[in-house]
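Below, each chain spelled out in residue letters.
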Amino acid sequence: MKTELYHREPYAVEFSAKVTESRKDEIVLDQTLFYPGGGGQEHDKGSINDLKVKEVVKENGKIIHKVLGHMLREGDEVKGKIAWKRRYELMKGHTGEHMLFSSLKRLNEELELVKISISEDKKYLIVRGDVDWDMALKAQEQVLGWIEDDLEITEQIVSKEDPQLDEIRIKRERITDDEVRVVRIGNVDASACSGIHVKSTSEVDFLIISKINSAKPEGDWEIEFMIGNAAKQEAAERSAQFMKLVTLTGAQKGNVISSVENLKISKEQADAALKRYMDSSLKSIQPIDIGGIPVYAGAFPEMDKKICTDYVNLAVKEKCICIIGSGIERYSLTIACGSDIDIDCVKILNEVLAEDGGRGGGKPNFASGGASGGCGADIAVEKATKIIQMSLT
């Protein structure tokens, strides 16, 4: 603890120290402000004697500063300086994470914290248990209340056997020292933590949950959040997008979610109906006989390319040829045939598309590609059909 200035003086920026160990690209100091990382919080950055500190790690109880190309020797006096803006961002983010998980835990007692990651670019926690947006927004509202209440944050070093550890959040299997650092946020959260925190919740300023993603298999959910000015900017952008959505849907502000849910259901129903129509249209294609081989050819300007591809893959399992076009401003063309039919689909496809500056690729019995504008899907299908007719007869 004597060397760990970052715990005793978390708001200090500069410090003096003496080199106790020196080796290539690494030094150990008798005291340091550089936090080596831990508790999900990234290590500090900065400089020692104006040399960039690339990384800080703690190994076998020693804090090792990685300083590339240094010429320092044991006994040298040095001046260190941490990147304060970055450090303060991580301090606020770590405190915000404590509050956010504590609030989520109040809403779901079965929730388990799996992982924490606090960096400048991204702050998130991974949990195991049920979480949804309704629950997350309630937790967010509670955290904002704690920030406004300006709760005091205190730290205490206790023995690993101290009975109060039974009443706080702690993963005992991860404790390797004889002493435990307990961080308390007012009366709303208490946990064992090696990270660096601010002195009061008001310093976090603002917090917003930005994403909730699946975290399988590591956990169930990854909850990403933002703090301070970045969180305020995100909230302002969301507010503007929400008001635009209100205008687009014509709904009242309190009914926007239900209106969007209804639109989603309507779209799903319309998509399903359109797919049924497209499937029916494709299946209604009547083949023409060319050299004793059935050729299924058709152009469908508004047809989805995937539906066309699925149809073609299924059709050419029989001894036949398929020529299907789709699209309007940019059209797609697919040519395929049974494996026992001797035509080069790729060659025919590119011969047709070349006239419109398009191209495609594939295999001799299955090729697809597209072109912008030009003759369009109808004419492209006709041209491909004529080329195949000449090839087979």
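What counts and how
- Residues numbered from 1 in each chain as written.
- Predicted model: local features only at pLDDT ≥ 70, side-chain atom pairs only at ≥ 80, totals over all residues.
- Heavy atoms only, no water.
- Helix = DSSP H or I, 4+ residues; strand = E, 2+ residues; numbered from the N terminus.
- Rg over C-alpha atoms; globule rule 2.2 N^0.38 Å.
- Buried < 20%, exposed > 50% of the residue type's maximum accessible area, 1.4 Å probe, protein only.
- Contact = heavy atoms within 4.5 Å.
- Areas by Shrake-Rupley, 256 points an atom, 1.4 Å probe, with all protein chains shown as cover.
- Core = buried A, V, L, I, M, F, W, Y, C linked by side-chain atoms within 4.5 Å.
- Axes fitted to C-alpha atoms, helices over the stretch in contact; angles between N-to-C directions.
- Parallel < 35°, antiparallel > 145°, perpendicular 65-115°, else oblique.
- Left-handed = near helix turned anticlockwise from the far one by under 90°.
- Salt bridge = Lys/Arg side-chain N within 4 Å of Asp/Glu carboxyl O.
- Arc of directions from axis to C-beta.
- Polar contact = N/O pair within 3.5 Å; in protein donor to acceptor, adjacent residues only side chain to side chain.
- Pairing = 2+ DSSP bridges.
- Nonpolar A, V, L, I, M, F, W, Y, C, P; charged D, E, K, R; others polar.

Another aspect to go through is the overall build of the protein. Regarding its fold elements, the protein presents 8 helices and 20 strands. A compact globule built from 393 residues should have a C-alpha radius of gyration of about 21 Å, whereas the protein, at 32 Å, is more than 25% larger. C-alpha atoms of the protein, sized along the principal axes, occupy 90 × 60 × 35 Å. Here the protein, with 393 residues, has 44% of them falling under the buried criterion. Considering only intrachain contacts with a sequence separation of at least 6, the fraction spanning at least 24 residues in the protein is 60%. For the protein, the exposed surface amounts to about 21600 Å²; the carbon and sulfur share of it is 48%.

What follows deals with the nonpolar core. A general trend in soluble globular proteins is that nonpolar side chains are found buried together. By size, the foremost hydrophobic cluster in this structure holds 53 residues, and its most contacted members are Leu29, Ile48, Leu100, Leu104, Leu125, Val127 and Ile223. Among all residues touching Ile48, those that are not within four sequence positions of it are Ile27, Leu29, Phe34, Val53, His65, Val67, Leu72, Val78, Lys79 and Gly80. Grouped together as the second largest cluster of nonpolar side chains are 25 residues, Val295, Val352, Leu353 and Ile388 included.

The description of two packed helices rests on the angle between their axes and on the distance between the axes. Put simply, helix H4 (residues 228–249) and helix H5 (residues 256–283) touch, their axes get as near as 10 Å, and they point 60° apart. By the criterion of interaxial angle, the relationship of H4 to H5 is oblique. Handedness of the H4/H5 crossing: left-handed. Where H4 approaches H5, its residues Phe242, Leu245, Val246 and Thr249 are matched on the opposing element by Val256, Val260 and Leu263.

Turning next to the pattern of salt bridges. Where charged atoms of side chains with opposite charge meet at close range, the side chains can pair. For the structure shown, the criterion picks out 20 salt bridges. Residue Lys81 pairs with Glu14 through a salt bridge whose shortest N-O separation is 4.0 Å. Here the residue Lys81 occupies a position in strand E7 (residues 77–82), and Glu14 occupies one in strand E1 (residues 14–23), the gap between them amounting to 67 residues. For Lys81, a relative accessible area of 42% corresponds to the partly exposed category. Here Glu14 falls in the exposed class, since its relative accessible area comes to 55%. Its salt-bridge partner being Glu55, residue Lys66 comes within 3.7 Å of it at the nearest N-O pair. Residue Lys66 is located in strand E6 (residues 62–66), and its partner Glu55 is located in strand E5 (residues 55–59); the two are separated by 11 residues in the primary sequence. Several salt bridges share partner residues, and in doing so they unite Glu21, Arg23, Glu26 and Lys62 into one network.

So, on to helix H7 (residues 345–354). Listed as buried for H7 are Cys345, Val346, Ile348, Leu349, Val352 and Leu353. Taken around the axis of H7, the buried residues stretch over an arc of 165°, which confines them to a single face. Of the exposed residues in H7, the ones pointing more than 90 degrees away from its buried face are Lys347 and Ala354. On the buried face of H7, the contacting elements are strand E18 (330–337), strand E19 (359–363), strand E20 (366–372) and helix H8 (376–392). The residue sitting at the N-terminus of H7 and contributing the capping side-chain oxygen is Asp344; that oxygen lies 3.1 Å from the backbone nitrogen of Val346.

Below, the discussion takes up the sheet that holds strand E10 (residues 153–159). The strand order across the open sheet formed by 3 strands is E10-E11-E12, and the pairing between neighbours is antiparallel. Single-partner strands in this sheet number two, and they are E10 and strand E12 (189–192). Here the strands of the sheet are splayed against their neighbours by 20° on average, with no regard to which way each runs. The pairing of strand E11 (residues 179–185) with E12 spans 4 bridges and is antiparallel.

On a regular strand, each side chain points to the face opposite its neighbour's, so the side chains alternate between the two faces of the sheet. Pairing between E5 and E6: 5 bridges, direction antiparallel. Bridged to Glu55 within E6 is Lys66. Between E5 and E6, which pair antiparallel and follow one another directly, the connecting turn spans 2 residues, one of which, Asn60, has a positive phi of 55°.

A word on the packing of H5 against helix H6 (residues 305–315). Orientation of H5 relative to H6, taken along the N-to-C sense of each, is 40°, at an axis distance of 11 Å. Relative to H6, the element H5 lies oblique. In the packing of H5 onto H6, the handedness of the crossing is right-handed. Counting all contacts with H5, which are made through Lys275, Met278, Asp279, Leu282 and Lys283, the residues of H6 involved are Ile307, Cys308 and Tyr311. Partitioning the contact of H5 with H6 into residue classes produces 5 nonpolar, no polar and 3 charged.

The subject of this paragraph is the environment of Arg359. Within the secondary structure layout, Arg359 lies in strand E19. Judged by relative accessible area, Arg359 falls into the exposed class, the value being 67%. Between the C-alpha atom of Arg359 and that of Val346, which follows or precedes it by 13 residues, the distance is 9.5 Å. If near-sequence neighbours (up to four positions away) are discounted, Arg359 is found in contact with Asn350, Leu353, Gly369 and Gly370.

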